Amino acid sequence: MSDDQHSPLPESGDDQWAQFALPEDGVADLTDRLTEFLPEQDENDPPLIIGQVLDDFIDQSGAMPENLREEDAHALICQMQMAVTLAYQLGRLEARSPEMVRRFVLEAIQKWEARPLPDSLDFVETDFRKPKELVLPRLRRWWQENLTTEDYYWDEE
């Protein structure tokens, strides 16, 4: 095991691995493993009103197409709805079985040799060859560290 690889201890808190990222294959493997345990989808899940809230998150984040009549608008909206619905289902899974989710994450960290994230947002061209590993986690960390309550609400009027 290399010096910059993380070997978590099962009894310690989640913060110990908060600054680490899995390689892209590890992300895909963990996603597949967690997806196996997501609740089955049916027409009432999530309830329509919760679905509307999820769609409002899409809109507030700026991911809704500007022109809903564009050729690819429908596909883009459906992709965004799928993403937020899967995130919603993952949240439900974590609330129902936090120990299982934590175990899967810790196993993935050990199996895939998670590495510390660089502190800077200075990306080099090769970073973009592995965005799930070298770009997106750093942007997410930056976003979390710089998010304020004002960022949650936009007054568009």
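Structure first, text after, so check above.
What counts, and where the lines are drawn
Residues numbered from 1 in each chain as written. Predicted model: local features only at pLDDT ≥ 70, side-chain atom pairs only at ≥ 80, totals over all residues. Heavy atoms only, no water. Helix = DSSP H or I, 4+ residues; strand = E, 2+ residues; numbered from the N terminus. Buried < 20%, exposed > 50% of the residue type's maximum accessible area, 1.4 Å probe, protein only. Lys, Arg positive; Asp, Glu negative; His and termini not counted. Salt bridge = Lys/Arg side-chain N within 4 Å of Asp/Glu carboxyl O. Axes fitted to C-alpha atoms, helices over the stretch in contact; angles between N-to-C directions. Parallel < 35°, antiparallel > 145°, perpendicular 65-115°, else oblique. Left-handed = near helix turned anticlockwise from the far one by under 90°. Contact = heavy atoms within 4.5 Å. Phe/Tyr/Trp six-rings, centres within 6.5 Å; stacked < 30°, edge-to-face > 60°.

### As for the side chain of R141
1) Next: The topology assignment puts R141 in helix α6 (residues 136-146).
2) Next: Here R141 is buried and forms no salt bridge, its nearest opposite-charge partner D119 lying at an N-O distance of 4.2 Å.

### Looking at unusual backbone geometry
1) Next: Positive phi values are uncommon outside glycine, yet E113 reaches one of about 55°.
2) Next: When you line up the elements, E113 lands in the loop between α4 (98-112) and β2 (115-116).
3) Next: Classification of E113 as partly exposed rests on a relative accessible area of 35%.

### Things to note about the packing of helix α1 (residues 24-35) against α4
1) Next: Look at α1 against α4: their axes get within 10 Å of each other, and the N-to-C directions meet at 155°. Considering their axes alone, α1 and α4 lie roughly antiparallel with respect to each other. Every pair of crossing elements has a handedness; the one defined by α1 and α4 is right-handed. Contacts between α1 and α4 involve D25, G26, D29, L30, R33 and L34 from the former and V101, R103, F104, V105, E107, A108, K111 and W112 from the latter.

### Quick notes on the pattern of salt bridges
1) Next: What the rule picks out here adds up to five salt bridges.
2) Next: In this structure, D29 engages K111 in a salt bridge whose closest nitrogen and oxygen atoms are separated by 3.4 Å. Of this pair, D29 sits in helix α1 while K111 sits in helix α4, and the two are 82 residues apart along the sequence.
3) Next: Taking relative accessible area as the criterion, K111 reaches 54% and is therefore assigned exposed.
4) Next: A salt bridge links E107 to R33; the nearest nitrogen and oxygen atoms lie 2.6 Å apart.

### Thoughts on the packing of aromatic side chains
1) Next: Scanning all chains against the criterion turns up two aromatic pairs.
2) Next: Ring geometry for F37 against F104: centres 5.4 Å apart, planes inclined by 50°, an arrangement best described as tilted. Residue F37 is found in the loop between α1 and α2 (48-60), and its partner F104 is found in helix α4; the two are separated by 67 residues along the sequence.

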